[in-house]
Amino acid sequence: MSFDPIAAVTQNDPYPGYAALAARPELVFDQARKLWLAGSPALVRAVMDNPACRVRPVAEPVPAAIAGGSAGQVFGLLVRMNDGARHAAPKLVLQRALAALPLEAARRRAVLLAQALLTGPGEAGVPPAAGLHGRTGGAPMAAGAARLEGRRLSAWTFDVPLQTVASLLGFAPSQLPALSAWMRQFVACLSPLSSPEQLALAQHAAQCLLDSFSDLLRSAPVAADSLLGAVLAEAEAAGWDNAQAILANLVGLLSQTYEATAGLIGNAIVALLQAPQRASEGGLALVREVALNDPPIQNTRRFVAEATRIGGVELRPGDVVLLVLAAASRASDAANQAFGFGHGAHTCPGQALAETIAAAAIDVLLPAQAWQQGMYACRYRPSHNARIPEFFKPGEAA
């Protein structure tokens with residue numbers, strides 16, 4: 001087929017091709033990419049529900065490029081990179097901890113950090129890492145916050161979610177910038193497009209992140225009403241006592257937040273730039289619409305571990321299925337399911353938190369400037385699966 005679902009991720013308008021794929025009732029083989037494509041909601045659900053279809057190849061649970069280092073250690077223990085018993089207990093722990101999170105407290109924390117990061121260092125105070133039930137007040141928007149260069153706006157979309165979740169976990173305000181910097185380097189280990197130099201930095205960053213969480217656990221009693229306290233309590237209740245896996249999945253909470261929620265914020269900004277009148281809808285409505293119609297996570301893969309049949313096709317061990325989530329979410333029979341947040345056993349437990357943080361960020365940004373078409377241009381970061389815009393103003397170096 002002429003449609004390239006990998007290249008589509010970073011194209012300005014991949015959605016006509018996605019619509020055609022979503023209308024196909026059977027798996028389609030992409031001869032160029034040597035994999036099967038699933039684009040309809042029914043097919044995506046069928047593949048995700050099939051135990052023969054795994055999140056990693058049986059012979060390569062950790063990508064060879066990072067195996068043996070700290071990044072590989074984290075990757076191999078992440079709940080979303082495992083199936084079966086290695087997935088079930090950690091997933092239950094994270095699911096329960098995130099479900100107990102007071103979303104209004106998370107929203108207030110996100111608002112304060114978004115404001116502080118917009119106004120710049122020294123112009124607004126970063127909120128303390130209080131417990132989740134602690135009350136926080138609002139911070140005033142500084143005059144001139146709207147005069148953002150595109151590069152700064154792009155960085156803001158990453159820093160707000162990362163620093164919000166890090167703050168909820170219990171990190172001090174002074175630690176947040178370093179966590180952002182390390183995470184920026186670490187996520188390179190998740191991309192097949194990264195250079196050897198980027199992968200080396202990712203290994204170092206992974207160790208720094210693991211050390212930061214180890215220090216956080218040792219430095220003081222963990223607040224029972226913090227997100228970290230909730231994770232530890234649920235881990236004890238579930239009998240999940242793998243200390244290395246717990247540390248890795250705490251890093252995973254930040255890595256998932258860093259890219260996926262940044263893309264949610266960024267694509268909501270793109271929607272505003274295309275139709276400035278949508279500012280009246282408010283952050284949450286924009287974010288939820290974007291999650292369905294321009295999601296940050298556009299596709300994911302499944303690796304066939306044993307013979308099975310899906311969508312009229314006999315799949316063999318070693319086959320790869322590309323789930324085109326962005327096609328499925330926009331289909332008329334999707335039932336408003338945002339497939340970018342997964343499905344079934346691999347449904348993302350942080351969807352409500354991600355939408356809350358992204359909506360808070362947009363609500364801070366909306367009154368900061370008058371929105372006009374063309375006030376920013378954007379391009380998409382190179383990626384095989386994530387649609388994350390980078391912004392620049394006309395005349396600003398892209």
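Residues numbered from 1 in each chain as written. Predicted model: local features only at pLDDT ≥ 70, side-chain atom pairs only at ≥ 80, totals over all residues. Heavy atoms only, no water.

## Focus on the overall build of the protein
Going by this rule: Helix numbers and strand numbers start at the N terminus; a helix is a DSSP run of H or I with at least 4 residues, a strand a run of E with at least 2. We call a residue buried when its accessible area falls under 20% of the maximum for its residue type, exposed when it is over 50%, and partly exposed in between, using a 1.4 Å probe and counting protein chains only. Contacts are assigned to residue pairs with any non-hydrogen atoms lying within 4.5 Å of each other. Accessibility throughout is a Shrake-Rupley quantity obtained with a 1.4 Å probe, and a residue counts as covered only by protein chains that appear here. Charge assignment in this entry is limited to Lys and Arg as positive and Asp and Glu as negative, and neither His nor the chain termini are counted. For the purpose of locating charges, the reference atoms are NZ of Lys, CZ of Arg, CG of Asp and CD of Glu.
Along the protein, the regular secondary structure elements total 13 helices and nine strands. Oriented by its inertia axes, the alpha-carbon framework of the protein measures out at about 60 × 50 × 40 Å. Looking at the 398 residues of the protein, the share that counts as buried comes to 55%. Partitioning the intrachain contacts of the protein with sequence separation of at least 6 by distance along the chain shows that 71% fall at a separation of at least 24. A total of about 16,500 Å² of accessible surface is found on the protein, and carbon and sulfur atoms cover 54% of it. Distance from the positive charge centre (30 side chains) to the negative charge centre (30 side chains) of the protein: 2 Å.

## Regarding the packing of aromatic side chains
Formally: Each Phe, Tyr or Trp ring (for Trp, its six-membered ring) is paired with any other whose centre lies within 6.5 Å, and the angle between the two planes then decides the class: stacked below 30 degrees, edge-to-face above 60, tilted in between. Criterion for a charge above a ring: Lys NZ or Arg CZ within 6 Å of the ring centre, and within 35 degrees of the ring normal.
On inspection of all chains with the given rule, the structure shows six aromatic pairs. Judged by centre distance (5.0 Å) and plane angle (65 degrees), the rings of phenylalanine 29 and tryptophan 36 are edge-to-face. Of the residues examined, phenylalanine 29 reaches a relative accessible area of 32% and is grouped as partly exposed. For tryptophan 36, a relative accessible area of 17% puts it in the buried group. When the centroid spacing of 5.0 Å and the interplanar angle of 75 degrees are considered together, the rings of phenylalanine 171 and phenylalanine 213 count as edge-to-face. A residue pair is termed long-range when its members are at least 10 positions apart, and phenylalanine 171 in the loop between helix H6 (150-169) and helix H7 (176-186) and phenylalanine 213 in helix H8 (residues 196-219) qualify at 42 residues. Of the two residues examined, phenylalanine 171 and phenylalanine 213, each falls in the buried class. Taken together, the ring pairs in this structure connect Phe3, Tyr15 and Tyr18 into an aromatic cluster. For the cation-ring pair, arginine 387 lies above tyrosine 380, with the distance from its terminal atom to the ring centre recorded as 4.1 Å.

## Here we look at the packing of H6 against helix H10 (residues 243-274)
Keep this limit in mind: What counts as an axis is a line fitted to C-alpha atoms, over the stretch in contact for a helix, and the angles between N-to-C directions run from 0 to 180 degrees. Put simply, angles under 35 degrees are roughly parallel, angles over 145 are roughly antiparallel, angles from 65 to 115 are roughly perpendicular, and the rest are oblique. Crossing handedness: left-handed means the near helix sits turned counterclockwise from the far one by under a right angle, and right-handed means the same turn made clockwise. For this classification, the nonpolar set comprises Ala, Val, Leu, Ile, Met, Phe, Trp, Tyr, Cys and Pro, the charged set comprises Asp, Glu, Lys and Arg, and every other residue, Gly included, is treated as polar.
For the pair H6 and H10, interaxial distance at closest approach is 8 Å and the crossing angle is 140 degrees. Relative to H10, the element H6 lies oblique. Crossing geometry of H6 relative to H10 is assigned as right-handed. Across the interface between the two elements, Leu153, Trp156, Thr157, Phe158, Pro161, Leu162, Val165, Ala166 and Leu169 of H6 pack against Leu250, Leu253, Leu254, Thr257, Tyr258, Glu259, Thr261, Ala262, Ile265, Gly266 and Ile269 of H10. Residues that form the contact of H6 with H10 fall into these classes: 15 nonpolar, four polar and one charged.

## Topic: the side chain of serine 212
Note on placement: serine 212 falls in helix H8. Its relative accessible area of 11% is what places serine 212 among the buried residues. The contact partners of serine 212, leaving out residues within four places of it in the chain, are Phe171, Leu179 and Trp182.

## Considerations on helix H5 (residues 103-119)
Keep this limit in mind: Multiply 1.5 Å by the residue count of a helix minus one, and that product is the helix's expected span.
Between the first and last C-alpha of H5 there are 24 Å, a value that for 17 residues agrees with the 24 Å anticipated at 1.5 Å per step. Within H5, 13 of the 17 residues are buried, which leaves the element mostly enclosed by the surrounding structure. Positioned one or two residues after H5, glycine 120 has a phi angle of 100 degrees, which is positive.

## Details of the confidence of the model for the protein
In plain terms, the rule: A residue's pLDDT is simply how confident the predictor is in it, with values from 0 to 100.
The predicted model of the protein averages 91 in pLDDT, with 92% of residues at 70 or higher. Taken together, the stretch residues 133-146 has pLDDT below 50 and engages in 24 contacts with residues farther than four places along the chain or on a different chain.

## Overview of the pairing of strand S4 (residues 300-304)
For clarity, the cut-off: Pairs of strands are assigned from DSSP output, requiring at least two bridges between the strands.
Taken together, the two bridges between strand S3 (residues 53-54) and S4 define a ladder with antiparallel strand orientation. Paired with cysteine 53 across the two strands is valine 304, which belongs to S4. One ladder, built from four bridges, connects S4 with strand S7 (residues 320-323); its direction is antiparallel. When the bridges of S7 are listed, arginine 301 appears paired with leucine 322.

## Observations concerning H10
Note the following rule: To get the bend at a given residue, fit one axis to the seven residues ending there, fit another to the seven starting there, and take the angle between those axes.
In a regular helix each residue adds 1.5 Å, so 32 residues correspond to 46 Å; H10 covers 47 Å between its end C-alpha atoms and thus fits that length. Where H10 bends most, the angle comes to about 25 degrees, and this point is tyrosine 258. Among the 32 residues that make up H10, 26 are buried, leaving the element largely enclosed by the rest of the structure.

## What about the sheet that holds S7?
Ordered by their spatial adjacency, five strands build an open sheet running S1-S2-S7-S4-S3, and the pairing between neighbours is mixed. Two strands bound the open sheet, and with one partner strand each, they are strand S1 (28-30) and S3. Pairing analysis gives three bridges linking S1 to strand S2 (residues 35-38), with the strands arranged antiparallel. Counterpart to valine 28 in the pairing with S2 is leucine 37. Sheet contacts for helix H2 (residues 41-49): S2, S3, S4 and S7; angle to S7, the most-contacted strand, approximately 130 degrees.

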